[in-house]
Amino acid sequence: MIPDILTMLWKEWNEIFLQRGTLRGGVLSSLVIPILLLGVFLPWQGGPAWVTSAAVPVTWMWLPLFLVATMISDSFAGERERKTLEALLASRLSDRAILFGKIASAVTYGWGLTLASLALGLVTVNLLHGRGRLLMYPANTAALIVAMSLLGSALAASAGVLVSLRAATVRQAQQTLSIALLVVFFGLMFGVRALPAEWKVRLAEEFAGSNLVRTEVIAGAVLALLDAALVRAAMARFQRARLILD
Amino acid sequence: MPDPVIRTQGLTRDFKQVRAVDDLDIEVAPGTVFGFLGPNGSGKTTTIRMLLGLLEPTRGRAQVLGFDTRTQSGEIRQRSGALLEHPGLYERFSAEDNLGFFARIWRLPAAERRARIRELLEHFGLWERRKENTAKWSRGMKQKLAVARALLHHPTLIFLDEPTAGLDPVAATALRDELATLAAREGVTVFLTTHNLSEAERLCGRVAVIREGKLLAVGHPDELRATGAQKAEISGGGFTEEVLARLRARPEVAAAQLENGKLSIELRSHAQLAPLVSLLVTAGAQIEEVRKGKASLEEVFLTLMEEEVE
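This one's a predicted model, so the numbers in the text were calculated from it and none came from an experiment.

**Concerning the overall build of chain B**
When helices and strands are tallied, chain B shows 11 helices and 14 strands. Of all intrachain contacts in chain B linking residues separated by at least 6 positions in sequence, the fraction that spans at least 24 positions is 70%.

Next comes the structure, spelled out in structure tokens:
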């Protein structure tokens, strides 16, 4: 199945980079501009805090979610809209190869772009704000960013595929996914604010000192479980007959 | 007789209250072009989807290339190619990349992939335009590329769902010629749905006619023509009103009339002409020449459709 997933990956990446009509336009808008923005402009503006701030891991966790969400809506809804889905379903590719190929392409895009931006951001911060010292994420934070951005990409990809499988059009898929992301984002934000003061203190304790690693592991496990549940739901939803008749 | 490539038994598919395919029994022999004729909405596309294992039948069963469509659809798709309702091309890709993607799907090795893509694009006259994005291509060119895609991996069987629909007559004829050449050259079995009767007559060794999901007739186009209304033109004299009335009274005569001094008779299915000639002679007519003609497939098709409506 791996060669089939790679074939799908080849196709999906080509489609991402050709969506502006030319390869140059696609690479520029889907790769170069986001990397320059996240790896040069924002670190330049952020200064040393880009590396040292406690909010940095949270930023890098949210980022791939939005990056993936912009492209994953197209996965099945786009094929349906452009009338290419039936030809794909009539091919020898298995259900899992098609589904995992779509998810893998979105994850590699979101996670890859995040890691590239992260690395470039370090270079930028050190060049512009280093003043002779090495500004570097603590090992724990770096590991957290790498792991959480992967899990975040997978979360957006699996949720996005599930939405795209059901949506009649790309626009509908994008709207549903955007609303879902906003609900989660603002839900978490306002949810934390609404907590009683003593709960907030306890929560802050969980994210500090010796508790941090344990909290990170728990958060990672929850995300991984959520990813697995969404992939499973997408696998259950992926039925050729249903996709054709939809 | 070799095992059929396609065999359906009581194949039925319902969509809620609508029966799209109704108790279909057909067999398709290997190496033949099988035409599946019917008007729009008669169940042709649903049948193809069931044969490819994309849709499950509500009742009945189908075997394609020896595999059950319910349980072994992956094996069927592995060995067959399909051009379905839409060309299904990735219009952001060039023609070459479209074929390249599907060649990868069928795991053609790189050298074979390049050679096969070139061979097919050259055959369809698209090689010079292989680098072009297909978005701006004409429908005819897209259909050709989609047929090339269906043939890419040397399938044993290809399904073509209305391959010439929407093409202008010149493009349709060209594609038809290319299909005939390719089917013969590659020895592939073709399951072709169409509502173009001349296309079926020209390409198909065997045809089936369906309407509202029901199989109305199946056979070689000549056999079907023989079952349809036949015509006879008789030259001579003495074709009085009385003679014509006696002729029209016969059950095997659908119509009889004088046209430019010649007697034109339309016969019902399987009618014999000799007893009618004998009747004319007995009634006093002088017969100089009798010409018998078969109905065209189109006439047979229309008759079948009318019979069902009646």
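**What about the interface of chain B and chain A?**
Often, the extent of an interface is quoted as the loss of accessible area on bringing the components together. At the junction of the two partners, chain B supplies 25 residues and chain A supplies 22 residues. Contributions of two or more residues to the side of chain B that touches chain A are made by helix 2 (73-79) and helix 3 (95-105) of chain B. Among the elements that line the side of chain B that touches chain A, the one with the most residues is helix 3 of chain B, at 5 residues. Split by residue class, the side of chain B that touches chain A holds 12 nonpolar, 4 polar and 9 charged.

**Some words on the packing of helix 5 (residues 74-81) of chain A against helix 9 (residues 170-193) of chain A**
If you want to describe how two helices pack, look at the angle between their axes and the distance between the axes. Residue and element names in this part refer to chain A. Running from N to C, helix 5 and helix 9 cross one another at 160 degrees; their axes reach a closest spacing of 8 Å. As summarised for this structure, helix 5 and helix 9 are arranged roughly antiparallel, according to the angle between their axes. Read as a crossing pair, helix 5 and helix 9 show a hand that is right-handed. Taking contact as the criterion, the partners of Asp 74, Ala 77, Gly 78 and Glu 81 in helix 5 are, on helix 9, Val 170, Gln 172 and Ala 173. Looking at the contact of helix 5 with helix 9 residue by residue, the classes come out as 3 nonpolar, 2 polar and 2 charged.

**Re the sheet that holds strand 13 (residues 262-267) of chain B**
Residue and element names in this part refer to chain B. Overall, antiparallel pairing links the 4 strands, which are arranged 12-13-11-14 in an open sheet. Each edge of the open sheet carries a strand with a single partner, namely strand 12 (253-259) and strand 14 (286-293). Looking at each pair of strands side by side, their axes are set apart by 20 degrees on average, direction ignored. Across 6 bridges, strand 12 lies against strand 13 in antiparallel orientation. Its bridge partner being in strand 13, Gln 257 is matched across the sheet by Ser 264.

**Observations concerning the domain arrangement of chain B**
Splitting chain B by domain gives domain 1 (6-221) and domain 2 (229-293). If you average the C-alpha positions of domain 1 of chain B and of domain 2 of chain B, the two centres end up 45 Å apart.

**Details of the pairing of strand 13 of chain B**
Side chains B:Leu263, B:Ile265 and B:Leu267 project from strand 13 of chain B onto a buried face, and the interleaved B:Lys262, B:Ser264 and B:Glu266 project onto a face without burial. The hairpin turn running from strand 12 of chain B into strand 13 of chain B, its antiparallel successor, is 2 residues long, and B:Asn260 in that turn takes a positive phi close to 55 degrees.

**Some remarks on unusual backbone geometry**
Residues and elements named next belong to chain B. Of note, the phi angle at Asp 23 is positive, near 55 degrees, even though the residue is not glycine. Topologically, Asp 23 is positioned in strand 2 (residues 18-28). Judged by the 15 C-beta atoms lying within 10 Å of it, Asp 23 falls in the partly exposed class. Phi at Glu 212 is positive, roughly 50 degrees, even though this residue is not glycine. Among the secondary structure elements, Glu 212 is positioned in the loop between strand 9 (206-211) and strand 10 (214-219). Overall, the presence of 16 C-beta atoms within 10 Å leaves Glu 212 in the partly exposed class.

**Observations regarding helix 11 (residues 211-237) of chain A**
Taking 1.5 Å as the rise per residue, helix 11 of chain A with 27 residues should run 39 Å; its terminal C-alpha atoms sit 39 Å apart, in good agreement. Packing partners of the buried residues in helix 11 of chain A comprise helix 7 (95-129) and helix 8 (139-166) of chain A.

**Here's the deal with the sheet that holds strand 6 (residues 80-83) of chain B**
Residue and element names in this part refer to chain B. The 6 strands are arranged 6-7-8-3-9-10 in an open sheet whose pairing can be described as mixed. Two strands lie at the open edges of the sheet, namely strand 6 and strand 10, each paired on one side alone. Going across the sheet, the axis of each strand differs from the next one's by a mean of 15 degrees, ignoring polarity. With 4 bridges connecting them, strand 3 (residues 33-37) and strand 9 associate as parallel partners. Among the inter-strand pairings, Gly 35 is bridged to a residue of strand 9, identified as Val 207.

**Some remarks on the packing of helix 7 of chain A against helix 8 of chain A**
Residues and elements named next belong to chain A. In contact at an axis separation of 9 Å, helix 7 and helix 8 are set at 145 degrees when each is read in the N-to-C sense. The chirality of how helix 7 crosses helix 8 is right-handed. Contacts from Leu 99, Lys 102, Ile 103, Ala 106, Val 107, Gly 110, Trp 111, Thr 114 and Leu 118 of helix 7 reach helix 8 at Ile 145, Ser 149, Leu 150, Ser 153, Ala 154, Ala 156, Ala 157, Ser 158, Gly 160 and Val 161. Counted by class, the contact of helix 7 with helix 8 contains 12 nonpolar, 6 polar and 1 charged residues.

**Focus: the pairing of strand 8 (residues 189-194) of chain B**
All names here are of chain B. Most of strand 8 sits inside the fold, with 6 of its 6 residues counted as buried. Side chains Thr 189, Phe 191 and Thr 193 project from strand 8 onto one buried face, and the interleaved Val 190, Leu 192 and Thr 194 project onto a second face that is buried too. Where strand 3 lies against strand 8, 5 bridges are found, and the strand directions are parallel. Counted as the bridge partner of Val 33 is Val 190 from strand 8. Where strand 7 (residues 157-161) and strand 8 come together, 5 bridges link them in parallel fashion. Across the sheet, the residue bridging to Ile 158 is Val 190, located in strand 8. Running through helix 6 (residues 169-186), the crossover from strand 7 to the neighbouring parallel element strand 8 is right-handed.

Definitions and limits used
- Residues numbered from 1 in each chain as written.
- Chains lettered and ligands numbered in written order.
- Predicted model: local features only at pLDDT ≥ 70, side-chain atom pairs only at ≥ 80, totals over all residues.
- Helix = DSSP H or I, 4+ residues; strand = E, 2+ residues; numbered from the N terminus.
- Contact = placed C-beta atoms within 7 Å.
- Nonpolar A, V, L, I, M, F, W, Y, C, P; charged D, E, K, R; others polar.
- Axes fitted to C-alpha atoms, helices over the stretch in contact; angles between N-to-C directions.
- Parallel < 35°, antiparallel > 145°, perpendicular 65-115°, else oblique.
- Left-handed = near helix turned anticlockwise from the far one by under 90°.
- Pairing = 2+ DSSP bridges.
- Domains from an automatic or database assignment.
- Buried ≥ 20, exposed ≤ 12 C-beta atoms within 10 Å, placed from the backbone.
- Expected span 1.5 Å × (residues − 1).
- Right-handed = clockwise from strand over helix to strand, strands pointing away.

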